[in-house]
Amino acid sequence: MKLRLLGCLLFVANVSAQTPPPTIDETARFLAGLPVEGSLAPLMAAPAWQEHAKAMDEAWSIKMTQQVVPIRGWMALHAPGYHHSTDTMFYMFAGPDFLYANVFFPDASTYILAGLEPVGAARDLSTLAPAALAAELGALRTSMSSILRFQYFITKDMRADIGHGKVLGTVPIIYVFLARLGYQVLAVEGITSPSEGVKIVFQNPALPQPQTLYYFKTNLAGEESAFLKWCAAQGPGLSLLKAASFLMHGNNFNGVRKFLLEHSRVIVQDDSGIPLRAFPKGWEVNCYGHYVPHRTTFAKFTQPDLAAVYQRNPPGPLGFAFGYHWQKEEGMLMLATPPGGAPPVESVPVLRALPLAPEEQP
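Residues numbered from 1 in each chain as written. Predicted model: local features only at pLDDT ≥ 70, side-chain atom pairs only at ≥ 80, totals over all residues. Heavy atoms only, no water.

Draft legend 1. Region of the structure containing the packing of aromatic side chains. This structure, assessed with the given rule, holds 23 aromatic pairs. Ring plane angle 90° and centroid distance 4.8 Å describe the contact between Trp74 and Tyr288, whose orientation is recorded as edge-to-face. Of the two residues, Trp74 sits in helix α3 (residues 47–78) while Tyr288 sits in strand β10 (residues 284–289), which places them 214 residues apart along the sequence. Among the residues examined, Trp74 registers a relative accessible area of 8% and is labelled buried. When its relative accessible area of 11% is taken as the criterion, Tyr288 is described as buried. Here the aromatic cluster, defined as three or more aromatic residues joined through ring pairs, consists of Phe98, Tyr111, Tyr183 and Phe202. Stacked on the ring of Tyr100, the Lys or Arg Lys242 has its end atom at 4.4 Å from the ring centre. (Phe/Tyr/Trp six-rings, centres within 6.5 Å; stacked < 30°, edge-to-face > 60°. Helix = DSSP H or I, 4+ residues; strand = E, 2+ residues; numbered from the N terminus. Buried < 20%, exposed > 50% of the residue type's maximum accessible area, 1.4 Å probe, protein only. Lys NZ or Arg CZ within 6 Å of the ring centre and 35° of its normal.)

Printed below as a string of structure tokens:
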């Protein structure tokens with residue numbers, strides 16, 4: 001009996017040793033609640049993963065209907081040239097929000113995201129015990145709950161919910177967005193210059209060239225920095241500002257505001273980005289949706305000049321929520337272009353081979 005038991009244990013150990021660890025893409029899909037093969041496949045039978053997959057499916061279905069599809073349609077109609085540009089994409093104060101970076105600018109060759117959130121990692125999940133798996137997946141869902149329900153991360157909650165264990169920081173959240181948007185994750189590496197960060201290479205199966213995503217943990221306060229100098233060398237780009245805490249409305253973030261105004265071919269933002277008064281002469285700032293001043297935390301950042309623009313020529317509903325306002329009826333968006341830049345083109349839809357999110361696939 002002892003010999004038979006020992007033989008079984010050796011057999012299990014041998015099989016385990018022969019099973020390769022999960023690939024990066026398998027890890028991304030597993031965290032996103034999507035079916036996988038390989039060493040993570042047995043964990044799909046765990047009640048914790050099945051609960052996770054169901055919750056992610058439900059949240060993503062709502063996100064696609066209320067945000068992803070409307071924003072893609074809006075950009076294709078109002079700014080197709082920028083929507084389909086392959087320029088570098090800058091998203092300051094982004095944290096791990098690759099979702100909106102990609103929804104607005106899906107063809108960017110390189111995405112550069114910056115925030116104060118830790119870089120983190122998603123290590124080998126194939127050896128997790130059931131209780132540990134449930135805890136990790138639960139923490140991941142909690143850290144993403146605000147952006148899946150609204151349009152932004154609550155930074156303090158995210159840091160508290162995903163700071164320990166095998167799944168931590170921005171990387172696993174970015175993995176979820178990549179997998180749910182239909183991309184294949186090819187490679188990931190940690191980097192230390194111009195700041196601590198991560199480089200992720202991913203592939204749209206419908207396109208020949210892979211795309212690259214950088215996330216940097218860096219403080220954007222102050223004047224010029226090594227990070228901003230590095231960004232400047234990546235060429236003029238496409239910029240997004242969303243739920244940026246009105247940081248550039250004061251003088252503590254002059255460097256990043258100056259960088260964006262000098263190195264952006266277009267800036268898409270809500271009212272928490274660059275204040276209207278700070279755009280230099282010659283910039284064309286197009287306003288859409290409804291401007292609703294904030295009533296609580298950010299009430300002091302009300303912009304009378306921006307309110308006057310909306311009052312003179314009300315543009316009508318935007319069609320989706322954006323920024324800190326979670327109601328669709330209060331969505332507002334500003335699309336700004338520098339002098340000499342190509343103006344947004346109206347009513348010219350452009351077709352492309354967007355990757356199909358898993359629920360869109362036949």
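That covers the picture; the talk isn't over yet.
Draft legend 2. Local environment of the pattern of salt bridges. Under the criterion given, the structure shown has six salt bridges. For Arg265, the salt bridge identified is with Asp87, shortest N-O distance 2.6 Å. With Arg265 in strand β9 (residues 264–269) and Asp87 in the loop between α4 (80–83) and β1 (89–91), this pair connects stretches of sequence that are 178 residues apart. Exposure remark for Asp87: the relative accessible area of 22% places this residue in the partly exposed category. Put simply, Arg295 and Glu330 hold a salt bridge, and the shortest N to O gap is 3.1 Å. Of this pair, Arg295 sits in the loop between β10 and α11 (304–312) while Glu330 sits in the loop between α11 and β11 (332–337), placing them 35 residues apart in sequence. Since its relative accessible area comes to 58%, Arg295 is described here as exposed. Judged by relative accessible area, which is 15%, Glu330 ranks as buried. (Salt bridge = Lys/Arg side-chain N within 4 Å of Asp/Glu carboxyl O.)

Draft legend 3. Representation of the nonpolar core. Counting residues in hydrophobic clusters, the biggest one holds 71 residues, and the most contacted among them are Phe98, Phe104, Phe105 and Leu333. Considering every element that reaches this core, the biggest residue donor is α3, with 10 residues. Leave out the neighbours within four places in its chain, and Phe98 touches Tyr111, Leu113, Ile174, Phe177, Leu178, Leu181, Tyr183, Phe202 and Leu213. Core analysis: the next-biggest nonpolar cluster, separate from the first, contains 33 residues, Phe90, Ala114, Cys287 and Tyr291 among them. (Core = buried A, V, L, I, M, F, W, Y, C linked by side-chain atoms within 4.5 Å. Contact = heavy atoms within 4.5 Å.)

Draft legend 4. Seen up close, unusual backbone geometry. With an omega of 5°, the peptide bond running from Ser193 to Pro194 counts as cis. One non-glycine residue, Ser245, lies in the positive phi region at around 60°. Structurally, the position occupied by Ser245 is in the loop between β8 (237–241) and α10 (254–263). Using a relative accessible area of 31% as the deciding quantity, one classes Ser245 as partly exposed. One non-glycine residue, Phe246, lies in the positive phi region at around 60°.

Draft legend 5. Structural context of helix α2 (residues 24–31). Along α2, six of the eight residues are buried, which leaves the element largely enclosed by surrounding structure. Taken together, the buried positions of α2 are Asp25, Glu26, Thr27, Ala28, Phe30 and Leu31. Directly beyond the C-terminal end of α2, a positive phi value near 80° is found at Gly33.

Draft legend 6. Summary view of the packing of α3 against helix α6 (residues 130–149). Close contact between α3 and α6 brings their axes to 10 Å; oriented N to C, the two are set at 10°. Taken together, the axes of α3 and α6 are roughly parallel relative to one another. Where α3 abuts α6, its residues Ala48, Trp49, Glu51, His52, Ala55, Met56, Ala59, Trp60 and Lys63 lie against Ala134, Leu137, Leu140, Arg141, Ile147 and Leu148. Its residues assigned to classes, the contact of α3 with α6 shows 11 nonpolar, one polar and three charged. (Axes fitted to C-alpha atoms, helices over the stretch in contact; angles between N-to-C directions. Parallel < 35°, antiparallel > 145°, perpendicular 65-115°, else oblique. Nonpolar A, V, L, I, M, F, W, Y, C, P; charged D, E, K, R; others polar.)

Draft legend 7. How the structure looks around the sheet that holds β8. The strand order β5-β6-β7-β2-β1-β8-β9-β11-β10 describes an open sheet built from nine strands, whose pairing is mixed. Both outer strands of the open sheet, β5 (184–191) and β10, are each paired with one neighbouring strand and no more. Going from strand to strand, the sheet's axes swing by 15° on average, the running direction of each strand aside. Looking at chain direction, strand β2 (residues 110–115) and strand β7 (residues 211–217) are connected through six bridges and run parallel. If you follow Thr110 over to β7, its bridge partner there is Thr212. Lying on the sheet, α11 is in contact with β10 and β11; it crosses β10 at an angle near 65°. (Pairing = 2+ DSSP bridges.)

Draft legend 8. Quick peek at the environment of Ser245. Between the alpha carbons of Ser245 and Gly273 there is a distance of 7.8 Å; along the sequence they are 28 residues apart. Ignoring any residue separated from it by four or fewer positions in sequence, one finds Ser245 in contact with Ser272, Phe298 and Tyr324.

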